[in-house]
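Chain and residue survey
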Amino acid sequence: MTTGINYGNLMHQAMRGLIRNVLEEVHQNGLPGEHHFFITFDTGHPDVEIADWLSDRYPGEMTVVMQHWYDNLDVGEDGFAVTLNFGDAPERLYIPYDAILTFVDPSVEFGLRFESADEPSHEDTALVPAPRPVSEVVETTIPPVVKKSDTSDADAPKKDTPKKDADVVSLDTFRK
């Protein structure tokens with residue numbers, strides 16, 4: 001009998017399904033526009049299939065890039081296989097969805113990060129925050145402005161006045 005709904009596990013399954021759907025689309029139609037993927041996976045996962053020299057070189061995790069050259073992309077229910085070029089040496093890899101640690105498409109600032117079971121976390125899946133230009137920051141905390149007057153007692157703190165917290169100001173009010 002379960003004690004509740006395991007939302008973390010459900011999110012985990014949904015996000016892995018999203019990756020499968022994206023890869024199926026790429027398999028059918030190729031990578032559109034500037035889309036490309038950085039996929040980091042656990043090379044020690046029991047179902048990962050990579051060349052011995054790659055597992056020796058990357059014993060914990062490995063990041064592969066699907067962008068300009070990839071071949072024989074096969075998308076399955078539990079994972080995907082693809083041939084990638086490693087220094088003019090094409091290698092076939094099989095990566096189960098459960099082995100994926102991060103999936104990032106930097107062309108649209110999209111990313112997913114999956115926490116492993118041995119890491120302490122409140123959720124199994126988290127969205128990876130993409131870097132944003134400063135112009136896109138929506139809110140900021142601005143400290144209160146202290147104005148000095150010409151009198152000498154203006155520098156002394158006033159004992160009866162409560163200290164004011166900083167205000168949160170939306171930058172949208174300053175945009176044209």
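Okay, so let's go over this structure.

Parameters and conventions
Here the residue index of a chain counts from 1 through its sequence in written order. A pLDDT threshold of at least 70 governs which residues receive local features in this predicted model, and a stricter bar of 80 or more applies before side-chain atom pairs are shown or counted, although totals over entire chains, interfaces and linings include all residues. To obtain the side-chain values, all non-hydrogen atoms of the structure were included, while hydrogens and water were left out. Only strands joined by at least two bridges in the DSSP assignment are considered to pair. By definition, any uninterrupted DSSP run of H or I lasting at least four residues is a helix, any uninterrupted run of E lasting at least two residues is a strand, and each is numbered from the N terminus. Patch rule: a residue counts if its relative accessible area is over 30% and it has no salt bridge; like charges are joined within 9 Å, and nonpolar side chains (Val, Leu, Ile, Met, Phe, Trp, Tyr) within 5 Å. Each accessible area is a Shrake-Rupley estimate made with a 1.4 Å probe; only the visible protein chains count as cover when residues are assessed. By salt bridge we mean one thing: a side-chain nitrogen of Lys or Arg within 4 Å of a carboxyl oxygen of Asp or Glu. Only protein chains enter the area calculation, which uses a 1.4 Å probe; residues under 20% of their type maximum are buried, those over 50% are exposed, and those in between are partly exposed. For helices, the fitted line uses only the C-alpha atoms of the stretch in contact; every axis is such a line through C-alpha atoms, and the angle between N-to-C directions lies from 0 to 180 degrees. Planes of paired rings set the category: under 30 degrees apart is stacked, over 60 is edge-to-face and the rest tilted, where pairs are Phe, Tyr or Trp rings (Trp by its six-membered ring) whose centres lie within 6.5 Å.

**Focus on the pairing of strand β1 (residues 37–42)**
Direction of pairing for β1 relative to strand β2 (residues 61–66): antiparallel, over a ladder of six bridges. Within β2, the position partnered with Phe-38 by the bridge is Val-65. For β1 and strand β6 (residues 100–105), the ladder comprises four bridges, and the chain directions are antiparallel. Counted as the bridge partner of Phe-41 is Ile-100 from β6.

**Topic: a nonpolar patch on the surface**
Together, Ile-5, Tyr-7 and Leu-10 give the surface a local cluster of nonpolar side chains, amounting to about 350 Å² of exposed area. The residue Ile-5 is located in the segment before α1 (7–29) in this model. What makes Ile-5 exposed here is its relative accessible area of 56%.

**Looking at the sheet that holds strand β3 (residues 71–75)**
Strand order in the open sheet made by the three strands is β3-β4-β5, with antiparallel pairing throughout. With one partner strand each, in any of the chains shown, β3 and β5 (90–96) form the two edges of the open sheet. Within the sheet, the average angular offset between the axes of one strand and its neighbour, ignoring direction, is 15°. Sheet analysis places β3 next to strand β4 (residues 79–85), joined by three bridges and oriented antiparallel. Across the sheet, the residue bridging to Asp-71 is Thr-83, located in β4.

**Quick word on the packing of aromatic side chains**
Taken as a whole, this structure holds three aromatic pairs when the rule is applied. Note on Phe-37 and Phe-103: the rings are 5.0 Å apart at their centroids and 35° apart in plane angle, and the pair reads as tilted. With a gap of 66 residues between them, Phe-37 in strand β1 and Phe-103 in strand β6 connect regions that are remote in the sequence. In this structure, Phe-37 and Phe-103 share a single accessibility class: buried.

Function cannot be read off these values alone, since they describe shape.
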